[in-house]
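The residues making up each chain are set out below.
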Amino acid sequence: MATEEVDPRFADLDAWQLSSAMEAMWEGQLAAIAAIGHALPAITAATEAARSALGDHGRIVYVGAGTSGRVAVQDGAELSPTFAWPNARVCFIVAGGETAFVTSIEGAEDDVDDAVKQVKAARLTPHDVVIAVSASGTTPFTVAALQEAGSSGAVTIGVANNPGTALLEAAKFPILVETGRELIAGSTRMKAGTAQKVVLNLISSGIMLRLGRVFRGMMVNMQPTNAKLKRRAEAMVAQIAHCDAAQAAHALEQAEGEIKTAVLLALGAEKTEAETILKQCGGNLRRVLAELAKERPAKTLANKTAGPRKQGGAVEP
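Notes on the structure follow. All values derive from a computational prediction rather than experimental measurement. (Residues numbered from 1 in each chain as written. Predicted model: local features only at pLDDT ≥ 70, side-chain atom pairs only at ≥ 80, totals over all residues. Heavy atoms only, no water.)

Quick word on the sheet that holds strand β1 (residues 60-64)
Item 1. Taken together, the 5 strands give an open sheet; going across it, the order is β2-β1-β3-β4-β5, and neighbouring strands pair in parallel fashion. This sheet does not close on itself; its edge strands, each paired only once, are β2 (90-94) and β5 (173-176). The sheet shows a mean angle of 15 degrees between the axes of neighbouring strands, direction not considered.
Item 2. Where β1 lies against β2, 5 bridges are found, and the strand directions are parallel. Looking at β2, one finds that I60 is bridged to V90.
Item 3. Across the sheet, helix α6 (residues 140-150) lies against β1, β2, β3 (129-134) and β4 (155-160), angled at about 160 degrees from β3, the strand it touches most.
Item 4. The strands touched by helix α8 (residues 191-210) within the sheet are β1, β3, β4 and β5, with β3 carrying the most contacts at an inclination of about 170 degrees. (Pairing = 2+ DSSP bridges. Helix = DSSP H or I, 4+ residues; strand = E, 2+ residues; numbered from the N terminus. Axes fitted to C-alpha atoms, helices over the stretch in contact; angles between N-to-C directions. Contact = heavy atoms within 4.5 Å.)

What follows is the structure, encoded as C-alpha cells:
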C-alpha cells in the first residue's frame, strides 16, 4: 500500500536542512488537498444520499481507528456548535472507545468483535448515515464496523487513501483519495490525515447546506452561547434583515437566541407566525423568505433580503 511505503525522494529527509524539509512537508500537504479533486463526484453523491436519508431523526455516525478515528471525532464534535446539530444525532464508533479520542490504543484497530458490538449497540436504522475512515482502507475494526452497518440498511460511506481496498468495497458510497506515499512512511497523520479531514468537512458541511442550516454563507442555526457568538448572531440578523444592531439584538432576545426566528421578527413577523412558517419549511430560511414573498407581493420580505441571484453557483430556492 502506498501509504505504508518509503518514498525514495525523501529517504534522507532527516539529513536535509530543516527549511528544505519544511518546504517538502508543506508541498505534501498541498498535494493531499489536490488529490481530493478527483473524488468530488463521489463526495457529492455520498452527501446527497446522506441528506436524503437523515430526515428528522437520522444520525451521523463516524467510524474509525487511530489517527483516522480522531480525525472523524474532530469533524463530528464541531457539528453542534457550528450548525446546532443535536448531540443525540451524532455517534462515534471508535476502536478502543472514548479513551482512544486522546490516547493511542493501536491494538484496538484489530478488534473486529468490538467493532460489531459497538455497531449493534448503536441500533442503526436506514435513516442513519455511517462514515467510516481508514487511510489504508484495510483496518479490521473499521471494515468490520462498516460491513455490520450495511446490514442495517444505513447509508454507508467509506473514505480511504488506497485503491481496491476492503473498506471501499464494503461501502455503498466509496470515496477514494489517493494521497500516495507519505514523506514519513506510514505516518498517515500527514497527507492522508489532511485529506480525510477535508473530505469530512465537505460531507458534513454539504449535508448542513442541503438541510437549510446555512443561509447566504452564514451558520444561521448556531446557538449564541457566549459573548462572541451573541455578537455574531446579532450581526447575522442585522445583515439578513437589513436592520440596525439594536433592532437585531432585540429580535434575538425575543426569539430566545434562535437566529432564523429573530430574522423574521426583525422583518415584522409575529413570533408565532415566524415559528409556524419555519416549521412548515423545515427550518429552511431561504424557503421561508420565498413563501413570505408570495404572500406579501407589495412589500416582500424577500426584497428586503435580496442578494445576487448567482454567486459561484446557481442559487436555489
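Anyway, onward from the coordinates.
Overview of the environment of A192
Item 1. Among the structural elements, A192 can be located in helix α8.
Item 2. For the pair formed by A192 and A35, sequence separation is 157 residues and the distance between their alpha carbons is 10.0 Å.
Item 3. Every residue in contact with A192, bar those within four places of it in the chain, is listed here: A135, N161, T179 and E182.

So, the nonpolar core
Item 1. Ranked by size, the top nonpolar core spans 32 residues in total, and within it I60, I131, I157 and I175 carry the most contacts.
Item 2. Taken together, the elements giving at least two residues each to this core come down to α1 (18-35), α2 (40-54), β1, α3 (66-77), α4 (79-83), β3, β4 and α8.
Item 3. Formed by 31 residues, the second largest nonpolar core is a distinct cluster that contains F215, I259, L264 and L292. (Core = buried A, V, L, I, M, F, W, Y, C linked by side-chain atoms within 4.5 Å. Buried < 20%, exposed > 50% of the residue type's maximum accessible area, 1.4 Å probe, protein only.)

Here we look at the packing of helix α5 (residues 112-122) against α6
Angle between the axes and distance between the axes are the two parameters that describe a pair of packed helices.
Item 1. One can describe the packing of α5 onto α6 by two numbers: an axis separation of 8 Å at closest approach and a directional angle of 35 degrees. The handedness of the crossing between α5 and α6 comes out as right-handed. Of the residues in α6, those in contact with V112, D114, A115, V116, Q118, V119 and K120 of α5 are P140, F141, A144, A145, E148 and A149.
Item 2. In terms of residue class, the contact of α5 with α6 is made up of 9 nonpolar, 1 polar and 3 charged. (Left-handed = near helix turned anticlockwise from the far one by under 90°. Nonpolar A, V, L, I, M, F, W, Y, C, P; charged D, E, K, R; others polar.)

Focus on the environment of F141
Item 1. Looking at where F141 falls in the secondary structure, it is placed in helix α6.
Item 2. For F141, a relative accessible area of 0% corresponds to the buried category.
Item 3. Each C-alpha atom, one on F141 and one on I93, is 9.7 Å from the other, the two residues being 48 residues apart in sequence.

Examining the pattern of salt bridges
Item 1. The tally for this structure, following the rule as stated, stands at 6 salt bridges.
Item 2. When the shortest N-O distance is used, the salt bridge between R210 and E48 registers 3.7 Å. You can see R210 sitting in helix α8 and its partner E48 sitting in helix α2, a full 162 residues away along the chain.
Item 3. Overall, the relative accessible area of 37% leaves R210 in the partly exposed class.
Item 4. Overall, the relative accessible area of 34% leaves E48 in the partly exposed class.
Item 5. Two residues, D128 and R59, come together in a salt bridge whose shortest N-O distance is 2.8 Å. Here R59 lies in the loop between α2 and β1 and D128 lies in the loop between α5 and β3, a separation of 69 residues in the sequence.
Item 6. Residue class for R59 comes out buried when judged on its relative accessible area of 17%. (Salt bridge = Lys/Arg side-chain N within 4 Å of Asp/Glu carboxyl O.)

Everything listed is a geometric property; what it means functionally is a separate question.
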